[in-house]
Amino acid sequence: LTVGGNHSSATYAGNLSGPGNLIKTGAGSFTLTGSSVIGGTATISNGMLAVNGSLSSSALAVRGSILSGRGTINGPVSVETDGTLWPGGAGDGQLTINNSLNLGTVSSTVIRVGRNFTNFNNAISGISQLTYGGTLMITNPGNIIFAAGDSFKLFDAAQYLGAFNSSNLPALGTGLKWDLVGLTNNGTIRVVPFWSVPAVFADNMVLQRGRSVPVWG
């Protein structure tokens with residue numbers, strides 16, 4: 001089954017089913033809101049596929065296109081060359097992947113962050129094995145003023161492997177930096193004070209974690 005060939009955007013509320021493959025072509029978006037079960041593979045080769053219902057397949061590949069939505073995907077997902085993973089899309093929401101997720105080295109993962117019920121951070125949950133790669137891009141549509149201690153859980157997985165090749169993160173105020181170490185442990189990023197130790201020498205003093213300590217010798 002091939003959808004999107006006319007390059008327009010459409011929403012399908014029914015339930016796709018069958019033993020064959022699903023291929024998304026065309027520049028538009030195709031949104032699934034029902035419960036679809038595909039016996040073969042699913043491939044997004046152009047435009048965007050948004051899963052706001054559920055989609056089951058033997059495998060889902062994202063190539064030169066976008067996978068979005070706030071529904072549930074049952075089956076392994078691979079974001080390949082020039083593919084983009086955009087959980088929730090332009091709105092709030094969490095995408096659930098009840099299987100492995102592999103982010104290729106030339107892929108992008110775009111996640112919005114927020115703090116409250118009107119602007120909370122999007123995320124991906126349910127992952128069995130997550131392999132990082134490509135570029136992590138964090139957006140701040142709510143223009144949050146970040147503070148030390150802010151923490152955002154982006155991925156929920158049983159196992160975390162690899163690392164992002166690069167990142168594009170929102171600007172922070174003076175004295176703050178993003179800490180990405182938690183991605184490999186629990187899928188979390190956080191804002192921390194920017195301490196450089198040792199940082200400043202003046203009159204036999206060194207600045208350590210915001211306090212001056214004498215240096216002898």
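This is a predicted model, so every value here is computed, not measured.

Caption draft 1: Layout of the nonpolar core. Leu60, Leu67, Leu101, Leu130, Leu154 and Phe155 are the most contacted members of the largest nonpolar core, which totals 43 residues. Ranked by residues supplied to this core, first place goes to strand 20 (residues 123-132) with four residues. Setting aside chain neighbours within four positions, we find Leu67 in contact with Ile44, Leu49, Val51, Leu60, Val62, Ile73, Val77, Thr84, Leu85 and Trp86.

Caption draft 2: Examining the environment of Ile97 more closely. The topology assignment puts Ile97 in strand 15 (residues 94-97). Overall, Ile97 belongs to the buried group, its relative accessible area being 0%. For Ile97 and Ser54, which are 43 residues apart along the polypeptide, the C-alpha to C-alpha distance reads 9.8 Å. In this view, Ile97 contacts Ile73, Gly75, Val77, Ile124, Ser125, Gly126 and Ile127; residues no more than four positions away in its chain are not counted.

Caption draft 3: Broad picture of the sheet that holds strand 25 (residues 176-179). Pairing is antiparallel across the open sheet formed by three strands, whose spatial order is 22-26-25. The outermost strands of the open sheet, each flanked by one partner alone, are strand 22 (151-153) and strand 25. Between one strand axis and the next, the sheet turns by 15° as a mean value, whatever way the strands run. Of the strand pairs in this sheet, strand 22 and strand 26 (residues 188-193) are connected by three bridges, and their pairing is antiparallel. From the neighbouring strand, Phe152 faces strand 26, where its bridge partner is Ile189.

What counts and how
Numbering of residues begins from 1 in every chain and follows the order in which that chain's sequence is written. Restriction of local features to residues with pLDDT of at least 70 applies here, the model being predicted, together with a cutoff of 80 or more for giving and counting side-chain atom pairs; totals for whole chains, interfaces and linings are based on all residues. Derived side-chain values reflect all non-hydrogen atoms in the structure, with water molecules and hydrogen atoms excluded from consideration. Side-chain atoms within 4.5 Å are what join buried Ala, Val, Leu, Ile, Met, Phe, Trp, Tyr and Cys residues into a set we call a nonpolar core. Here's how the labels work: a residue is buried when its accessible area is under 20% of the maximum for its type, exposed when over 50%, partly exposed in between, all with a 1.4 Å probe on protein chains only. By definition, any uninterrupted DSSP run of H or I lasting at least four residues is a helix, any uninterrupted run of E lasting at least two residues is a strand, and each is numbered from the N terminus. We call two residues contacting when some pair of their heavy atoms lies within 4.5 Å. Here, strands pair whenever DSSP counts at least two bridges between them. Each axis is a line fitted through C-alpha atoms, and for a helix only the stretch in contact is used; angles between axes span 0 to 180 degrees, taken between their N-to-C directions.

Purely geometric stuff here, so don't read any function into it on its own.
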